[in-house]
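# Architecture at a glance
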Amino acid sequence: MVLGEGTGALVLGMQEGRGGSLRNACFCGAASLTDPQGITCSSPERMAEVMAAALKDARISPGEITAIKAHGVSTPAGDRAEGQGLRQVFGGDMPPVASFKPAIGHTLGACAVLETASFLGCVQERFLPPTPGFEQADPAVGCEPLRSAQAVNPGLFLLNHFGFGGNNTSLVFSVQP
Amino acid sequence: MTQPLRIASVAAFLQRVQGPPPNYGPALKAVCKNVPRRINRFIQLNLLGAHQCVNGSGRPLAPDCGVYLGSAEGNTGDTVHLLRQVFQTRETPNPVTFINSSTNVASYYLAQTLKLHGRNLPIASTDFSFEAALDLACLDVADATVPMGLVGAVDQGSDQSWVGQAGPRGALDELDVSVWLLLDPAHPRPLAEIEWVRRANTLEDVAAWPEAGGAAGMPRYLALGRGLTADARGALAQRFSGWTAFTYRDELPDFEVQSAYGIVQFIEARKPGRLLHIAGNGQGACYGVCLTAPERAGRSAPAA
């Protein structure tokens, strides 16, 4: 794991047709739960639970998700738990998975807002970013991040943020054409 | 908020920090059945105040009760020691020390010891951390995102190990503080009810805050917290001129999360009436919390 530093902010508004660089993005739903048994790493079941709860909050099914922004902490236990949690939610129909920490490092408390803004910015430009340095997949993870940039259409997106202390949050955004 | 939110229980723990760092282990054992090992003072403070509050409610906590922890400076527990190791002595920090320096970890231990698995939101902010935590909790409870909300304000004072290390405001804090309240909309005998929590970006915006409410003839109290200039205090006292002043911090040194302490002091004073507590950020913004405490006998007794 490589640490990074940075800062970011998202400005939310109620009116369509206004806003800045992410004006086509819309916040659709979220869930935030605690895993009281996972101080440094939650279980796959708890991660799956929060992803499913976010999809339910957004009133959509897993099959409607266009792509995923993984938390991708890049510790073996963390990535395996998230990968297995994604498998529990999406089964064999896994959407493309993007991961930002290999590019900007783990910015700890700032990573959720930075990665959300970065991911939505990429989607608005119609691409999913590659994962620098990723060479060999761990079979125990059950999925792998993108090795090269990939075109993407507007749609619905799931963004995972799993923190120290069992704080798990998943967000659902739509990006309109 | 369309309906007042019931406060089922409150607890306030304050300790002056003078001399060696206090150890709350023994006090914690008296209120918490399974005290976690290898926790720092900030985590101990969290557990101490929160468990006191929960124990006083007389009702079991819902497993998906939300936790909302406000703190001005966050988990400073071992942070000074950790930073000295990393930057001065170039030692590798103990992993437990590193983990325990995260504010999330304090609320994690709270969730673990209270067997909670719902929403858990620590908010570290110099200004309005408690008010923001309470505001979020009220929103979540009001729309049934969580069935209950455990809201706290916790900050750790400076101790001997910090000598020579001025705090963010250039002065050493003198108090360990852990203040908690439990929102339980189904509690049969609440201590008080929160009418509203509102933020105003300027003093002029305070004019829009509702003054009516509570039972007819109920006494009204105004508490002015920290972060208000003399001019702001004067303007607010004029705006709420019919209200009786409620003071609570005259004999205490300054500390950031005193709004929580003031509100709990009002509830514990068992004054039937309506309290409006206003704090500022020193730059014109204000946060108001309005609650009513009913007149009834035996309010502090646990509910059946």
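Everything that follows concerns the structure shown earlier in this document.
First, a word on scope: everything that follows refers to the structure included in this document. (Residues numbered from 1 in each chain as written. Chains lettered and ligands numbered in written order. Predicted model: local features only at pLDDT ≥ 70, side-chain atom pairs only at ≥ 80, totals over all residues. Heavy atoms only, no water.)

All names here are of chain A. Judged by pairing direction, the sheet is mixed, and its five strands sit side by side in the order β1-β7-β6-β2-β3 without closing on themselves. Looking along the sheet, the strands with just one partner apiece sit at the ends: β1 (25-34) and β3 (97-98). Relative to strand β7 (residues 167-175), β1 runs antiparallel, the two being bridged by nine bridges. In the strand pairing of β7, Ala25 is matched with Val175. Contacting β1, β2 (65-69), β6 (155-162) and β7, helix α1 (residues 44-57) runs over the sheet at an angle of about 145° to β1. (Pairing = 2+ DSSP bridges. Helix = DSSP H or I, 4+ residues; strand = E, 2+ residues; numbered from the N terminus. Contact = heavy atoms within 4.5 Å. Axes fitted to C-alpha atoms, helices over the stretch in contact; angles between N-to-C directions.)

Tracing the chain through its elements places Thr131 of chain A in the loop between β4 (127-128) and β5 (150-151). Beyond its immediate sequence surroundings of up to four residues, Thr131 of chain A is in contact with Ser99, Pro102, Pro145, Leu146 and Arg147 of chain A.

Attention now goes to the pattern of salt bridges. The final tally for this structure, using the stated rule, is 12 salt bridges over all chains. For Lys101 of chain A, the salt bridge identified is with Glu115 of chain A, shortest N-O distance 3.0 Å. Pair noted here: Lys101 of chain A is in helix α3 (residues 101-104) and Glu115 of chain A is in helix α4 (residues 111-124), with a separation of 14 residues, a long-range link. Considered together, Lys101 of chain A and Glu115 of chain A belong to a single accessibility category, that of buried residues. With a shortest N-O distance of 2.8 Å, Arg274 of chain B and Glu195 of chain B are connected by a salt bridge. Note that Arg274 of chain B is positioned in strand β9 (residues 273-280) and Glu195 of chain B in strand β6 (residues 192-200), a separation of 79 residues in sequence. (Salt bridge = Lys/Arg side-chain N within 4 Å of Asp/Glu carboxyl O. Buried < 20%, exposed > 50% of the residue type's maximum accessible area, 1.4 Å probe, protein only.)

Our focus in this paragraph is the nonpolar core. Residues and elements named next belong to chain B. Grouped together as the largest cluster of nonpolar side chains are 43 residues, with contacts concentrated most on Leu134, Val151 and Leu183. With residues near it in sequence (within four places) discarded, Leu183 still touches Arg6, Ile7, Leu134, Ala137, Cys138, Val141, Met148, Gly149, Val151 and Ile194. In this structure, Cys32, Leu47, Ala106 and Leu116 belong to the second largest nonpolar core, which totals 35 residues. (Core = buried A, V, L, I, M, F, W, Y, C linked by side-chain atoms within 4.5 Å.)

Two orientations exist for strands paired in a sheet by backbone hydrogen bonds: parallel and antiparallel. Residues and elements named next belong to chain B. With mixed pairing, the 10 strands of this open sheet are ordered in space as β3-β2-β4-β5-β1-β6-β10-β9-β7-β8. Strand pairing shows two members of the sheet lacking a second neighbour, β3 (120-124) and β8 (244-245), which therefore form its edges. With five bridges connecting them, strand β7 (residues 220-224) and β9 associate as parallel partners. Paired with Tyr221 across the strands is Leu275, a residue of β9. Strands in contact with helix α2 (residues 41-55) are β1 (5-16), β2 (66-71), β4 (149-155) and β5 (175-183); relative to β5, the strand with the most contacts, it is inclined by about 35°.

Chain A puts 14 residues into the contact, and the matching count from chain B is 16 residues. At the boundary of chain A with chain B, total buried surface from both sides reaches about 1,300 Å², with 59% on carbon and sulfur atoms. Scanning the region where chain A abuts chain B turns up zero salt bridges. Sorting elements by how many residues they give to the side of chain A that touches chain B places β1 of chain A first, with three residues. (Buried area = accessible area lost by both parts, 1.4 Å probe.)

A few words on the packing of aromatic side chains. All names here are of chain B. By the definition in use, this model includes 14 aromatic pairs over all chains. When the centroid spacing of 5.2 Å and the interplanar angle of 70° are considered together, the rings of Phe128 and Tyr287 count as edge-to-face. Here Tyr287 lies in strand β10 (residues 286-293) and Phe128 lies in the loop between β3 and α6 (129-142), a separation of 159 residues in the sequence. Ring geometry for Phe246 versus Phe266: centroids 5.3 Å apart, planes at 90°, classification edge-to-face. In this pair, Phe246 sits in the loop between β8 and α8 (258-268) while Phe266 sits in helix α8, placing the two residues 20 residues apart along the sequence. Clustering of aromatic rings is evident, with ring pairs tying together Tyr221, Phe246, Tyr248, Phe255, Tyr261 and Phe266. The ring of Trp196 is capped by Arg198, whose NZ or CZ atom sits 5.5 Å from the centre of that ring. Sitting over the face of the ring of Phe240, Arg239 holds its NZ or CZ atom 4.4 Å from the ring centroid. (Phe/Tyr/Trp six-rings, centres within 6.5 Å; stacked < 30°, edge-to-face > 60°. Lys NZ or Arg CZ within 6 Å of the ring centre and 35° of its normal.)

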